[in-house]
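Close look at the chain arrangement
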Amino acid sequence: QVQVAESGGGLVQPGGSLRLSCAASGISFSIYVMGWYRQAPGKQRELVATITTGDTTDYADSVKGRFTISRDNAKRTVSLQMNSLKPEDTAVYYCNANSRGGVLRDYWGQGTQVTVSS
C-alpha cells in the first residue's frame, strides 16, 4: 500500500539543470526523513542528499553547492534541484523515505535515470 515514485529524469548536457520530484503515499509523510540516493554504473549506491522533518539538509560533498533538496509536506513531495550537472552525475536516482525513530520503516522508489552527456 506504500508507494514512492520518482519523476523528472532525462538526458541533459554538461552544465545543464534538471529537477527531480518524488511523491509518496501510504505513509505519514511529515514524520519521515526523505532522501535522494544514486547508483552509477559499476558503483555502489550512495547518498546524495537528505532532509529531515525539521528541514535540516545534508549533502554529499560531490554535490554541495550544485544540488538542493526540499520538501513540501502538504503536497507529500520531495524534490532535488540539480544545477551545473557533470557527466559523473549520471546515475539512477532513487527516492527514499525513512521513519528513523521507533519502529524502523524504509521505503524506496523505483528509480529514475539521469544521463549527463554531450
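First, a word on scope: everything that follows refers to the structure included in this document. Remember, predicted model here, so these are calculated numbers, not experimental data. (Residues numbered from 1 in each chain as written. Predicted model: local features only at pLDDT ≥ 70, side-chain atom pairs only at ≥ 80, totals over all residues. Heavy atoms only, no water.)

Before going further, it helps to spend a moment on the side chain of Thr112. Within the element layout of this structure, Thr112 appears in strand S11 (residues 112-116). The residues touching Thr112, leaving out its near neighbours within four places in the chain, are Glu6, Gly8, Gly9, Leu20, Ala91, Val92 and Tyr93. (Helix = DSSP H or I, 4+ residues; strand = E, 2+ residues; numbered from the N terminus. Contact = heavy atoms within 4.5 Å.)

Inspection of the secondary structure puts Val4 in strand S1 (residues 3-7). Taking the relative accessible area as the measure of exposure, Val4 reaches 10% and is therefore buried. Taking the C-alpha atoms as reference points, Val4 and Asp61, 57 residues apart in sequence, are found 26 Å from one another. The contacts of Val4, once residues within four sequence positions are left out, are Cys22, Ala23, Ala24, Cys95, Tyr107, Trp108, Gly109 and Gln110. (Buried < 20%, exposed > 50% of the residue type's maximum accessible area, 1.4 Å probe, protein only.)

With five bridges connecting them, strand S4 (residues 33-39) and strand S5 (residues 46-51) associate as antiparallel partners. Residue pairing in the sheet places Gly35 in a bridge with Thr50 of S5. Counted along the chain from S4 to the antiparallel partner S5, the turn is six residues long, and its residue Gly42 has a positive phi close to 75°. As paired strands, S5 and strand S6 (residues 57-59) are joined by three bridges and run antiparallel to one another. Counterpart to Ala49 in the pairing with S6 is Tyr59. (Pairing = 2+ DSSP bridges.)

Below, the discussion takes up the environment of Glu88. Looking at the element boundaries, Glu88 is found in the loop between strand S8 (77-82) and strand S9 (91-98). Since its relative accessible area comes to 55%, Glu88 is described here as exposed. Measuring from C-alpha to C-alpha, the distance between Glu88 and Asp72 comes to 28 Å, with 16 residues separating the pair along the chain.

Counting residues in hydrophobic clusters, the biggest one holds 29 residues, and the most contacted among them are Trp36, Leu80, Met82 and Tyr93. Every element with two or more residues in this core is listed here: strand S3 (18-25), S4, S5, strand S7 (67-72), S8, S9 and S11. (Core = buried A, V, L, I, M, F, W, Y, C linked by side-chain atoms within 4.5 Å.)

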